[in-house]
Structure formats: structure tokens, C-alpha cells
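# Results of the structural survey
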Amino acid sequence: MKNLTYVGKSILRYDSFNRGKGETKYVGDLERKNMLYGKLVLSQEPNSDISIDKTEALKINGVKAIFTFEDIPKVKYNSNHWYPGLTTPADEYLLTNRPAFQGDRIALIIGESKKVVLKAMDSLKITYNKKNAVAALDSYINNKKQIAISKTFECGNSTTALDTAAFIIEDSGNTPKAHHGAIEPHACLAETDDNDNLLVYTPCQSVFQCQYHISKILKLPLDKVRVIKTHMGGSFGGKCQPVLEPICAFAAYALKQPIQLLTNRKESMIGMRTKNGLHLNIKTGVTLDGKITARQIDAHIDGGAYYTNADGILGAIGTKAFRLYDIKNQTFIGHTYYTNTTPGGSCRGYGSPQLHSISEVHMDHIANTLAMDPCEFRLKNLLSPYANDPIGGPNIGNGRIKECVDKGMSAFKWQEKKERLKEKNTQRYAYGIGMACGVHGNGYKGSNPDFTNIYIAIQSDGYVSLKVGVHEQGCGTLSSISQIAAEGLDIPVEKIILHEADTFISPYDSAGTHASRVTYVCGGGVQKAAEKLKNKIINYFCLIENYTPRDIQTKNGFIYSKDGKKKYSYGQLAIHMEKHTAQNLSEFSHYESPGGPGSYAASFVTVKIDRYTGHVSVLDCLIAQDVGKAINPTSVKGQITGGAQMAIGMALREALVWDKDGYIKIDSFSKYHMLNAVEMPDIEVLLVEDIEQTGPFGAKSVGELAAVTPTPAILNAINNALNTNIMDYPVTPEKILSAIQN
Amino acid sequence: MMNQFKDPKNTKDLICFLKGITANTFILAGGTDLSLKIRQDRLTNYNLIDLSQLEDNKGIFKDKEHLVIGSNSTISQIGEDPLVKKYCFSLHQACQTLGSTQIRNAGTLGGNICNASQSSDTLPCLFAYGATGTILNSHGDMGKIKIERLVEGSGKNRLAQDEVLMKVMIPLSNDYSSFIKIGDKQSVTIAKLNSCLRLTIHPSGIIENAVCFMGAIGSKATRTPFIENYLIGKDISDIPYEGLKQSIQCQIDTLIPNRSSRVYKRKASFGLIIDALSSIKSMWRKSR
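Residue indices follow the written sequence of each chain, beginning from 1 at its first position. All chains are assigned letters beginning with A, and all ligands numbers beginning with 1, in the order in which they are written. Under the rules for a predicted model, residues below a pLDDT of 70 receive no local features and side-chain atom pairs below 80 are neither given nor counted, while totals for whole chains, interfaces and linings still include all residues. Side-chain figures throughout are based on the complete set of non-hydrogen atoms in the structure, without hydrogens or water.

## A word on the overall build of chain B
Worth spelling out the cut-off: Secondary structure elements are defined from DSSP: runs of H or I of at least 4 residues count as helices, runs of E of at least 2 residues count as strands, and each element is numbered from the N terminus. Between the two quantities, the radius of gyration covers C-alpha atoms and the globule rule is 2.2 Å times the number of residues to the power 0.38. Residue contacts are defined here by distance: any two heavy atoms, one from each residue, within 4.5 Å place the two residues in contact. Method for areas: the Shrake-Rupley scheme with a 1.4 Å probe, in which residue coverage is limited to the protein chains shown. Under this rule, positive means Lys or Arg and negative means Asp or Glu; His and the chain ends count for nothing. Charge positions are represented by NZ for Lys, CZ for Arg, CG for Asp and CD for Glu.
Scanning chain B from terminus to terminus reveals 12 helices and 14 strands. A compact globule built from 288 residues should have a C-alpha radius of gyration of about 19 Å, and chain B, at 19 Å, falls within 12% of that. Referenced to the eigenvectors of the C-alpha coordinate spread, the extents of chain B come out at roughly 60 × 45 × 30 Å. A sequence separation of at least 24 residues applies to 61% of the contacts in chain B between residues at least 6 apart. Here chain B has roughly 12,600 Å² of accessible surface; of this, 49% comes from carbon and sulfur atoms. If you average the places of the 36 positive and of the 26 negative side-chain charges in chain B, the two averages end up 4 Å apart.

As C-alpha cells, then:
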């Protein structure tokens, strides 16, 4: 690959200064003339029929409307659908009269001030007719009535192969439902414009997904609904499914007045979407020398009260089990269950954290049984680059997991630590090291349509108008996509003007920020479009100045002849083209994802455990990640470090908990403990850069995979320190002390 | 009065406002807990008397017999004050680790006492030192009450509607003390177990007296006589761990016999007391 000028450089994110100074306007900061304030009323009961008497509340001065089930369009939707081709069950209304979880939407109050709305909320008379509810997944397991969907994935014959294995090792583990913890709770603002278009401002992950649901529920043409992605204070998958957008849009359209609908932490925690919980049974057969011959996985997923992503999460967990190790005989049987808990949704890693958190601890258990080093055992079984997916998914591409393990071992000083670390043990403190591997995808190729459209033009002022439906989630997407365009065109990054997705401006994109597809698919499309446009620039220059392409050069937004006689800025050429050919210097491209390679990572950690209090300190953490090519190394390292923060939280702290009757026990940050800055260990990031041919300038996905491997690595380190086999998350101090005792 | 905000600058003003106090009037003493309560209870009609402008209950000084801390002192001020560090080391430690920097900068000692949380970090220390509070009422009368008595626990205190805590007085002593806590997080955390251990140590190293309070184990910080009795008479440099462990476990079993957290707390409290003892031991050695 030629030397790169803009890609591979750590440029400052375009929004850094405004965010740092507190000047960025989020939805909660937006104001409109005659704006009304909305507040959702969430069910206090997990399973109930309800009736609502709003007479008294409506008498309060300043209350504009109170919507309940009776007032809404009777159109069921599935917020997980991102385009109409998806046909899994739609079972949710904008507002319900039969709440199925504590936090379900039962009313929307609209008033002239927040104070009035709160007052109305207290005056609403809600009668609950309670029904039995059960929240704990274990009580549902194998109860066919509760199954939303079952799926099997298989290669070879695992039953026969297990019979011939030298050892069979079995384990079970649990990962809980979890909250995303974005600093900005869910928010939305909707209004109508002078042409009776519906405008919806939202910090979402896919404007086209929001547009689709709003249009369908309100029976409006898609192009009468304008959804505009706003600045966002994090999502991590939590804002992927439209929950607030359709109801807020409905109310604004009904009242023809702007409505701001905000949530607080509790509402965001209990009433929106959660990471799916998983109970996993896993059984593996190995030869004496440590080769895996067969594996059987039995997965039980907590889907929550509505169907939402029951199908998607099951597929994501199941298929990934086939893309890390070379296992010729494997059966995965999975079920997603309805429970009376907050519905499941996307959460950074989409099934990868749950699967690997158990399967990778199981791998250490096997290595220990065989008395093999965990790295050595993995290296014997990991997939090599360009391996085929045994169940028919896309080829794994240039997947460098073995290189991640090799380089990670060396940088972490794995052998040295293994031999010397235990010398530090005291009666009170135990030390351990652990590692784990993981895989994640790059888009939907092989399971869903995955494409985007790009408009790119050189404007007469020399700036580049780039239109592609991308959403900044805090990953630095807008900057990295701009870098790709700059590299493709050979023009400074500052000249690229790229706005966030807006259904009236951005060309249609098939899936938004889903499935780790943005850099790989949208970035790939932008590279191709930019390169096509650059060719147009070169050809036009050659045409008007009588040169051949080999006689000319481009640099930093200029094109000139190598003999030094002719030189144009791109802007000058655009004006020339418009004047003489009645065309603008632009390109409209359709781009379909070229593949679905795997992104891989290996994490290595050292932990110190206080045997008296059960506290675990993560002393160091090294993550070797196969990124193909880091478009913006600082952003990439930031993503991997941030992913580690979530992964450590998942290992040690984070869990949403319901009691047996379906009442949520954890609904605030005083009870939901994310890892804070003081506790964050130094994260060493080792980028394994070996380009993926199908990715933009060789790049692959980063951000979701980043939240996967530190979790099982920590568990492996804990089990290494204490000689235990814990795989029930999160590993709280209580569980540590209990494991020591047992 | 409805939705009124009063910020008395002196005691005279405060007395005046206390005279007109109603059931929906809150004393704002930092607001780190009150602001949450207002939001959580969705209160819209209430009045506030803000103590932050009141000079008469600020400052930390020493008189003949006491370390005196104005109830309006912030947790940060107490955590950084040299007199507190010298005369009530455990309170210094508690105030250095309480909540986050922002909470410590806004929260006050008076607020922390009167909020009477089960897991308050300052209360085990104030109880262990036998601290007394000075109370002002709407008639301008000043009274005294032991902080341990003032705090009822589980969020309740024994102040009448028209009373405000003005000062906290801690008797001076040469005792050693240490405050340790365990939370769900290792820092910026609410204690799920905390403890103040205060020891009188003879120059020979023999523990002459021990006072130990544990927090987050009852409705308010609770005295632990089993642990105290075990420590009295032992050499600070040579405390038998097994016996100590047993006394701690007996103590926890007695305090919370039926609570599910007992299993964890009876083990973790051993780590807590060991840390407190080791902190005191190193201070004692340094002072030798």
C-alpha cells in the first residue's frame, strides 16, 4: 500500500474543544418557541392490567395532554427492526395498557413546564390489576411457553466426536443483564415544520430506523419524517432501538407543538433497553495433546418482556462460537426467553462479551485439566488467517488472532510473570495472571443487507461536501470517516465537511451504527467514492490541459502537471467544470459490503485479590487487538481503553438485578457500580496492524470488540490466583470470599 | 411561606428564620443528600434555609479541652485541617475518603451528621471520640447533646423542627485512631462496612483502652464490645490474629444474626480491623 498522508494520523476530533468547554448542545439543551415538556409514566408493576384515571391530572393548569393506550395508534412495532424486510414479531405499542415489565410505558404527560408535568404525574390515578410475574431466567429455562425463539448452528458431528475425546470438560456460567451507563440518559425532541414535516432530533444510532418506525406507526410517508442525529453523550447500544422517538414524534404531530422528552437515570435504566443476560452450558472434548475435537454449547438468553432482538442476539452469540477456534465438530443450541424484565437490546459487543466471558474461562479450565499453558492451548486451536467459517458465514479474512496472542505474551512478559508472580503472595493477598481471546464482526454481510450510499462533491470554495449516513457515537467516527475521504481525494482533512446523519440530507444507509459496520462498510464506501472522484479530477485536468494521467500529480487539494506549468486547486477545477461542461465535480456511489472478516483481540491481565475483603484490583491490562489499520491511532486506543473500562465493570461489578417477583432492585448509580476513573488500571494497547484487504485502507472494526476480552481475562486471573473456577458474573467480593471458603 | 429561600448571614437572622419554620422547610447544609431527596421525592413546594452564608458555625479550632469543628465546615476542609489530623486522625481519614471530590467540597459535617445515614463515614469517628454537638433553637437557646444521642439512625435525627446543629466538640486526647471502609467500589464509594478504631496505648505498647464503632451494620454506627475487650491488654505489636478473628466474627454474628450480608461482613470486617490496627501500629511506632 502506498504511503498514507491522512490515514494513520492521530488527528484531534472535530468536536473536542466544544465538548471540553461544555458548549456542545445536547437534546436536553435544545429550546424551541412554545416548546412543551413530556414525561413518560412507567409502570410500577412488572405484569399487570391497568386502568388510568386522568381526570384530576388534566385539570392542572398548564397540562396540555395526557396520552394513554386509548389515545395511540394501534400499530404494533418491534423497535429492533431497522428496515421493513425484518419479519420477527412486532409486539409493542407506543403505550401499553398491559405492562409486561416494571418500567413499561403506560402514559405520556405533556405540559407547559417540567414542574406542571411532575404535578400531573402525581395526580394520575393508576389502578394495577397485578398478575404473576417471574424475572429470574433460571426459572424459565426449558419452559417452552416462554421461548421467543430457538436456533441451532452445527458443523460436523459433535456427539460422535465427543465420544472419542480423551477428556471432556463441562462448565456452566452466567452473565447478567446490564445497563449501558451512557452519561446522557435517553432524550428526544420532536416538532413539525412549515411544510407539515415531522422533525425528530435524537441522539440515536440509526436515523433511518427511527424514520421507519415513526412513518409506519403514524402512517406518514417516509419522506415526511425527518430524523436528525444530534450530539450524543454516549450510547454503547443503549440508544440503538428507538424507544422515545416514536412516542415523542406522535405527541408532537398530534399537538403540532415542539415537545422535548427527557428521561432521568432511573427511567433510562429500567424503561429503555438492556444488555441481554445469558446462562451458558458448555462441553468440550480434547485430545491428550490439547487439540479440541468437539464442542457443544447450550445457551439460554434473557430476552426481556418484548421480542425486540431475541432473534438477533441469539444469532450473534451462536455464530461467533464458530469463528475463533478451529473446531470441526460443534453444536450450538440456543433459546431466547421472554421474561418480565426490561427488554433486551444492543450493547457494545452484541453477544460477544456474554459468550466469551464464559467460553474463554472454560478454555482455561480445559488448559488446567490438561496441565497446559492457557496461551499454548489456545495457540494450538486458534483459527489461522483466511479460514472459512464452518457454518457458512463469511471467510474470516486476515484475522490475526495468533499474532495477537504471540505479541501479547511477549509484551506482557507472560512467561516471566507466570513463573515469578506467585512469589508476591502473602497470607492476605493473592496474585494471578490471566488471558483471553475474542472475536467480533464487521457488519451484516451474510445475514442482512449491508450497504450504504455516498454523495461526495468538490464545492466551488474548495471544500468537500461529504454526505453519508453516519452517526457519531463518541468513537471519533466523523473524524475517521473524514480522514478516509481526505486520503482518497488527497486533500487536507479540514476541507472535508461531513454532517451527522439526517434523513433529509444523508443518502440512505442500510443499518446505521450497528454490527461494527461503520468504519468497515461506510468507510469502505467513502474510500471508493473519494477515489472515483479523484479519478474524475485527474481525468478532467488531463482533458482540459492535454496531459496524460502519468504526467500529473495531486497533493493537499491541488492538481498540477509534473512539468510545473499547470496547477489548479480542486475548487478552481470544480468551477471550471461547472462553467464548461454544465456538471458539478461530484460522485454518487452505492457501496455494498465486500465481506465479513473477523476482528480479533487477546487480553492479558494481572490481578491482586484481598483474601480478607474479597476485593479484586486489576493491576495491569494489556490488550493486543487486530485492527487491520488504525485510521486514527489515538481514537483507536481510546476505544480499546474505554472498552476495557466496560469489560472490567462487567467482570467485577455491573449487574441489573430483579427480585423473584419481577421488581427491579437496582435503579440508580448508587447501586449500579461502574468502574470509576480512580480504579481504572493503566491499559496498554498493542495494535496489531496487518491490513484487511476488503477494509478501507486495510481497517477493521474496533470499538465493540474492545469490550470483550478483558472480562474473561480477569476471571482467568482470579481463578489462577485462587485456584477456583468461577464463571458467574459479576465476581463481587462476596463471591470471592465464598469461593475461597469452598 | 411557599418556595422561599433564606440564607442567614448570622445567628440572629437564623433564629429569626427558625421562628417561622414549617414542616416543609429544609435546612440546606451542603445539599449533597437533600438535592437528591428533593428530586427523588419530586418535591415542588418546599422552603430552604441555606446555612452556607452563616459565618458563626464555620471554622476549626482548639480550646482547652476540645477540638471544635463548626458544623458548616466542609468535608474537604476537615480532611485537610492539621488540627483534625492531629487530634482525631480517623475523622481526617474519613473525610479524605468520603464520597468524591465534588461531594467533599460541597458536603458539610453538620449535614453528614444530621442526615444520619447508616453508612455515614464521619459518625463512627465522632461516636468513638464521644463528640458533643451544640444545638441552637428558635428561641436563641444553645444546648448540648452527644452526637451518638443526636443521631437516631436510618436517616433520622433527634433535632426538633426549630433546631440547628452549630458546632461539634471532640474531647482532646493522645489516643490513636484509624478509619477504614469497604464499599462496592474501592474509592468514591458508599460504605457497606466501615469502622473507627480508637486506642489508648501505653508507652510499652500495651493497649490500655479500645473503642471501636462499626458503620453500615445497623441503623447507625454500632459499638463493638467483643472486639474492644479482645484488644484491651494486648500488645499493639503482637496481636494474635486467630483470637481477633474469632472476636470479630462473634461480634458480627451478634449484631446481624439474620441478615444475608452477615456471611460476607463477618469475614470482611476482619480485613477492616487488621487494616485499622496496622495503620495505628505504624503511627504509634513513628511517634516513639
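## Side note on the sheet that holds strand 14 (residues 222-223) of chain B
Residue and element names in this part refer to chain B. We count it as follows: Being paired, for any two strands, means DSSP has found at least two bridges between them. All axes are obtained by fitting lines to C-alpha atoms, using only the stretch in contact for helices, and the reported angles, taken between N-to-C directions, cover 0 to 180 degrees.
Taken in spatial order, the four strands make up an open sheet running 11-12-13-14, and their pairing is antiparallel. At either end of the open sheet lies a strand with only one pairing partner, and these are strand 11 (176-183) and strand 14. Sitting on the sheet, helix 5 (residues 89-97) touches strand 11 and strand 12 (191-201), and the angle it makes with strand 11 is about 25°.

## Some remarks on the interface of chain A and chain B
Here is the rule we go by: Accessible-area loss on putting two parts together, using a 1.4 Å probe and summing over both, is the definition of buried area adopted here. Should a side-chain nitrogen of Lys or Arg be within 4 Å of a carboxyl oxygen of Asp or Glu, the pair is scored as a salt bridge. Two N or O atoms form a polar contact when they lie within 3.5 Å of each other; inside protein one atom must be a possible hydrogen donor and the other a possible acceptor, and for residues adjacent in sequence the pair counts only when both atoms belong to side chains. Each residue gets one label: Ala, Val, Leu, Ile, Met, Phe, Trp, Tyr, Cys and Pro are nonpolar, Asp, Glu, Lys and Arg are charged, and the others, such as Gly, are polar.
Each partner contributes to the interface: chain A provides 22 residues, whereas chain B provides 20 residues. In total, about 1,900 Å² of surface goes out of reach between chain A and chain B, with carbon and sulfur atoms giving 53% of it. The interface formed by chain A and chain B includes three salt bridges. The interface formed by chain A and chain B contains 12 residue pairs in polar contact (both at pLDDT 80 or more). Broken down by secondary-structure element, the contributors of at least two residues to the side of chain A that touches chain B are helix 3 (114-123), strand 26 (616-626) and helix 18 (733-741) of chain A. Counting residues per element, the side of chain A that touches chain B draws most heavily on helix 18 of chain A, at five residues. A class-by-class count of the residues in the side of chain A that touches chain B yields eight nonpolar, eight polar and six charged.

## Side note on the nonpolar core
Across soluble globular proteins, nonpolar side chains have a tendency to be buried as a group. Residues and elements named next belong to chain A. Quick reminder of the rule: The set of buried Ala, Val, Leu, Ile, Met, Phe, Trp, Tyr and Cys residues whose side-chain atoms join them within 4.5 Å is what this entry labels a nonpolar core. When accessible area is computed with a 1.4 Å probe and restricted to protein chains, residues below 20% of their type maximum are described as buried, those above 50% as exposed, and intermediate ones as partly exposed.
Membership of the largest hydrophobic core comes to 58 residues, with the highest contact counts inside it found for Val607, Ile714 and Ile718. Dropping the residues within four chain positions of it, isoleucine 718 is found in contact with Val607, Ile609, Val616, Leu652, Thr724, Ile726, Val731 and Ile736. In terms of nonpolar packing, the next biggest core, distinct from the first, is built from 50 residues, Phe69, Val200, Val207 and Ile664 among them.

## Digging into the packing of aromatic side chains
Residue and element names in this part refer to chain A. Quick note on the threshold: We call Phe, Tyr and Trp rings a pair once their centres come within 6.5 Å, taking the six-membered ring for Trp, and we label the pair stacked below 30 degrees between planes, edge-to-face above 60, and tilted otherwise. Charge-over-ring placement is defined geometrically: NZ (Lys) or CZ (Arg) within 6 Å of the ring centre, and within 35 degrees of the ring normal.
Tallied over the entire structure, the rule returns 18 aromatic pairs over all chains. Ring centres of phenylalanine 153 and phenylalanine 332 lie 5.9 Å apart, and the angle between their planes is 45°; this geometry places the pair in the tilted category. Of the two residues, phenylalanine 153 sits in strand 6 (residues 147-155) while phenylalanine 332 sits in strand 15 (residues 329-338), which places them 179 residues apart along the sequence. Here phenylalanine 153 matches phenylalanine 332 in class, with each residue buried. Members of the aromatic cluster, joined through ring pairs, are Trp82, Tyr83 and Tyr444. We note lysine 74 situated over the ring of phenylalanine 69; from NZ or CZ to the ring centre the distance is 4.7 Å.

## Overview of the pattern of salt bridges
Oppositely charged side chains can pair when the atoms bearing their charge come close. All told, the structure shown has 53 salt bridges over all chains when counted by the stated rule. One salt bridge in this structure joins A:Lys131 and A:Asp49, with 3.5 Å as the shortest N-O distance. Of this pair, A:Lys131 sits in the loop between strand 5 (125-130) and strand 6 while A:Asp49 sits in strand 2 (residues 48-53), and the two are 82 residues apart along the sequence. Where B:Arg266 meets B:Asp253, a salt bridge forms, and the shortest distance between an N and an O atom there is 2.9 Å. Highlighted residues: B:Arg266 in helix 12 (residues 262-287) and B:Asp253 in helix 11 (residues 241-255), separated in sequence by 13 residues. Judged by relative accessible area, B:Arg266 falls into the partly exposed class, the value being 22%. Classification of B:Asp253 by relative accessible area gives partly exposed; the value is 24%. Salt bridges here are not isolated pairs; linked through shared partners, they connect A:Arg400, A:Glu403, A:Lys407 and A:Asp690.

Distances and angles like these do not, on their own, reveal function.
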